[in-house]
Amino acid sequence: MMMDFSRSFPHKDGRNSDKINVDVTDLLNRDVVPLQSATSHAFLHRQIILVTGAAGSIGSELCRQLLEYEPALVIALDTNETGLFDLAESVRSHPRSHHLQLQIGDITDAFRMESLFARKRPCIIFHAAAYKHVPLLEMYPDQAIRTNALGTYHLCRLAQKYEVERFVFISTDKAANPISIMGATKKFGEMVIQSLARQEYHETCFCAVRFGNVIGSRGSVVPIFKQQIENGGPVTVTDPQATRYFMTIPEACDLTILSAALAEAGKIYLLDMGKPVRIIDLARKMIHLYSAETERLIDIVYTGLRPGERLHETLTATHEQLKPTSQGKIFCVTCSDVVPDSRTIAQWVKRLDSYLLTEDNEKLRQHVFDIVLQPDLITVP
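So, how was this worked out
- Residues numbered from 1 in each chain as written.
- Predicted model: local features only at pLDDT ≥ 70, side-chain atom pairs only at ≥ 80, totals over all residues.
- Heavy atoms only, no water.
- Helix = DSSP H or I, 4+ residues; strand = E, 2+ residues; numbered from the N terminus.
- Contact = heavy atoms within 4.5 Å.
- Areas by Shrake-Rupley, 256 points an atom, 1.4 Å probe, with all protein chains shown as cover.
- Buried < 20%, exposed > 50% of the residue type's maximum accessible area, 1.4 Å probe, protein only.
- Polar contact = N/O pair within 3.5 Å; in protein donor to acceptor, adjacent residues only side chain to side chain.
- 1 Å grid on protein atoms, 1.4 Å probe; cavity = no way out; pocket = protein on both sides within 12 Å on 5 of 7 lines; lining within 4 Å.
- Points joined across faces, edges and corners; volume = space filled by probe spheres on them.
- Nonpolar A, V, L, I, M, F, W, Y, C, P; charged D, E, K, R; others polar.
- Pairing = 2+ DSSP bridges.
- Right-handed = clockwise from strand over helix to strand, strands pointing away.
- Axes fitted to C-alpha atoms, helices over the stretch in contact; angles between N-to-C directions.
- Left-handed = near helix turned anticlockwise from the far one by under 90°.
- Salt bridge = Lys/Arg side-chain N within 4 Å of Asp/Glu carboxyl O.
- Disulfide = S-S within 2.5 Å.
- Parallel < 35°, antiparallel > 145°, perpendicular 65-115°, else oblique.

Novice: Which residues make up the overall build of the chain, and what values go with them?
Specialist: For the chain, the helix and strand inventory stands at 13 helices and 15 strands. By sequence separation, contacts in the chain at least 24 residues apart represent 77% of the contacts at least 6 residues apart. Carbon and sulfur atoms make up 49% of the accessible area of the chain, which totals about 17,400 Å².

Novice: Explain the environment of arginine 218 to me, and be specific about the residues and the numbers.
Specialist: Note on placement: arginine 218 falls in the loop between β7 (213–215) and α9 (221–230). Measuring from C-alpha to C-alpha, the distance between arginine 218 and isoleucine 58 comes to 9.8 Å, with 160 residues separating the pair along the chain. The contacts of arginine 218, once residues within four sequence positions are left out, are Ala55, Gly56, Ser57, Lys132 and His133.

Novice: I'd like to hear about the side chain of threonine 185, residue by residue, with values.
Specialist: The residue threonine 185 is located in helix α8 (residues 181–197) in this model. For threonine 185, a relative accessible area of 0% translates into the label buried. From its side chain, threonine 185 meets the backbone oxygen of methionine 182 in a polar contact 2.8 Å long. Not counting residues within four places of it along the chain, the set of residues in contact with threonine 185 comprises Ala144, Ile145, Asn148 and Ala149.

Novice: A description of empty space enclosed by the protein should follow, citing residues and the corresponding values.
Specialist: The rolling of a water-molecule-sized probe over the atoms marks out the regions of remaining empty space. Taken as a whole and judged by the stated rule, the model has one cavity of 30 Å³ or more. Within this model, the largest cavity holds a volume of roughly 130 Å³. Taken together, Lys187, Met191, Gln194, His319, Cys335, Asp337, Val338, Val339, Pro340, Val372 and Pro375 form the lining of the largest cavity. Among the elements that line the lining of the largest cavity, the one with the most residues is α8, at three residues. Residues that form the lining of the largest cavity fall into these classes: seven nonpolar, two polar and two charged.

Novice: How would you sum up the pairing of strand β1 (residues 48–52)? Please name residues and give values.
Specialist: Each regular strand carries side chains that alternate between the two faces of the sheet. Counting buried positions along β1 gives four out of five residues, so the element sits mostly inside the fold. Of the strand pairs in this sheet, β1 and strand β2 (residues 73–78) are connected by five bridges, and their pairing is parallel. The residue bridging leucine 50 from the neighbouring strand is isoleucine 75, located in β2. Note on the crossover from β1 through helix α3 (residues 57–67) to β2: the handedness is right-handed.

Novice: How would you summarise the packing of α8 against helix α12 (residues 342–358) if you had to cite specific residues and measurements?
Specialist: Close contact between α8 and α12 brings their axes to 9 Å; oriented N to C, the two are set at 145°. For the pair α8 and α12, the sense of crossing is left-handed. Each of Phe188, Met191, Val192, Ser195 and Leu196 in α8 lies in contact with α12, whose residues at this interface are Ser342, Ile345, Trp348, Val349 and Leu352. Each residue belonging to the contact of α8 with α12 can be placed in one class, and the counts come to eight nonpolar, two polar and no charged.

Novice: So what's going on with the pattern of salt bridges? Which residues, and what values?
Specialist: Taken as a whole and judged by the stated rule, the model has 17 salt bridges. Note that arginine 278 and aspartate 281 form a salt bridge whose closest N and O atoms lie 3.1 Å from each other. Arginine 278 sits in the partly exposed class, given a relative accessible area of 28%. Judged by relative accessible area, which is 33%, aspartate 281 ranks as partly exposed. Overlapping salt bridges, with partners in common, bring together Asp173, Lys174, Arg244, Arg310 and Glu313 in one network.

Novice: Report on the state of the cysteines, specifying residues and quantitative values.
Specialist: Evaluated as defined, the whole model comprises zero disulfides. Cysteine 63 carries a free sulfur, and the closest cysteine sulfur to it, the one in cysteine 253, is 9.0 Å from it.

Novice: Mind laying out the packing of α12 against helix α13 (residues 361–373), listing which residues take part and the relevant values?
Specialist: The contact between α12 and α13 brings their axes to 9 Å, and the two run at 165°. One finds that α12 runs roughly antiparallel with respect to α13. Seen along the crossing, α12 lies across α13 with a hand that is left-handed. In this structure, α12 uses Trp348, Arg351, Leu352, Tyr355 and Leu356 to contact α13, whose residues at the interface are Lys363, Leu364, His367, Val368 and Ile371. Broken down by class, the residue content of the contact of α12 with α13 amounts to seven nonpolar, one polar and two charged.

Here you go:
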């Protein structure tokens with residue numbers, strides 16, 4: 001897919017250069033993987049689908065793609081009313097736009113969520129709602145835990161209560177051996193998914209999908225570099241050796257939809273994203289595209305890794321392995337660790353709730369990391 005980065009860059013003398021296009025697939029150094037299938041269509045056709053975080057980059061694209069599968073209803077849930085408005089405008093001319101229903105709401109609002117489930121009875125849930133900006137969340141671990149960890153748990157419990165058929169949790173490569181609070185809360189969500197999937201006598205199939213960085217999404221490096229280049233530089237890179245795995249937004253959503261259709265209970269799925277990309281190489285490519293038009297140099301400044309960031313991301317933890325699935329570009333993450341039972345998860349949630357009341361962020365943060373990194377050492381009364 002072509003992401004439109006057409007723009008006019010000003011010269012020092014105030015003149016504009018010709019517009020140029022940046023195709024994000026050229027920045028990835030690999031083929032973008034198309035994953036749409038008849039299997040997905042059969043699975044989603046005439047279903048009531050709930051998408052949380054529907055105003056975000058992933059959530060909004062999910063909603064747009066889901067309309068193509070002729071669902072009965074796509075419920076777009078988010079706290080961001082402007083983002084929901086923009087989503088509705090983006091599908092205004094779509095022949096099935098009337099199958100999209102906007103819902104302003106917060107996944108941590110237990111009363112509102114219960115009411116939504118009782119009224120709409122979703123059959124499939126794509127749970128994309130989360131705080132995601134790593135350095136910012138290091139300053140506000142309580143908010144990351146409240147939404148990413150506890151919000152996910154309570155939403156899963158509602159899915160069980162109202163017999164949702166499939167629940168797809170959007171995770172991240174930062175959940176593998178997490179060092180940031182964002183990664184730790186996403187790892188907690190994965191543990192919830194795996195634990196609840198092992199319960200007997202429930203109807204919901206829980207699964208998770210891990211993404212790398214989504215290139216072109218709001219707050220990601222490509223839009224930031226674009227803005228910095230438009231402003232004449234400098235382009236800021238944390239470290240000359242820093243690497244990340246990247247996906248395009250449509251590709252990430254394709255994976256999510258197909259994984260939902262193929263999901264086995266408690267499984268974590270991962271797309272083959274090729275080799276990691278050096279951030280400095282991506283910056284130089286974008287600067288070259290600019291400089292080729294204007295013959296103007298843009299400086300690169302190294303700023304150092306920010307709180308919660310690591311030099312290189314990893315797709316799997318030390319105790320995890322990747323196994324192929326029936327889809328060549330989708331892998332299943334297998335884990336040798338013992339999955340905690342649902343009673344243990346419930347006790348952890350209760351403790352985190354109590355720590356939130358104390359407003360002791362350091363204690364709260366430490367407890368989450370103890371849970372996800374050393375669960376065997378956490379006693380349950």
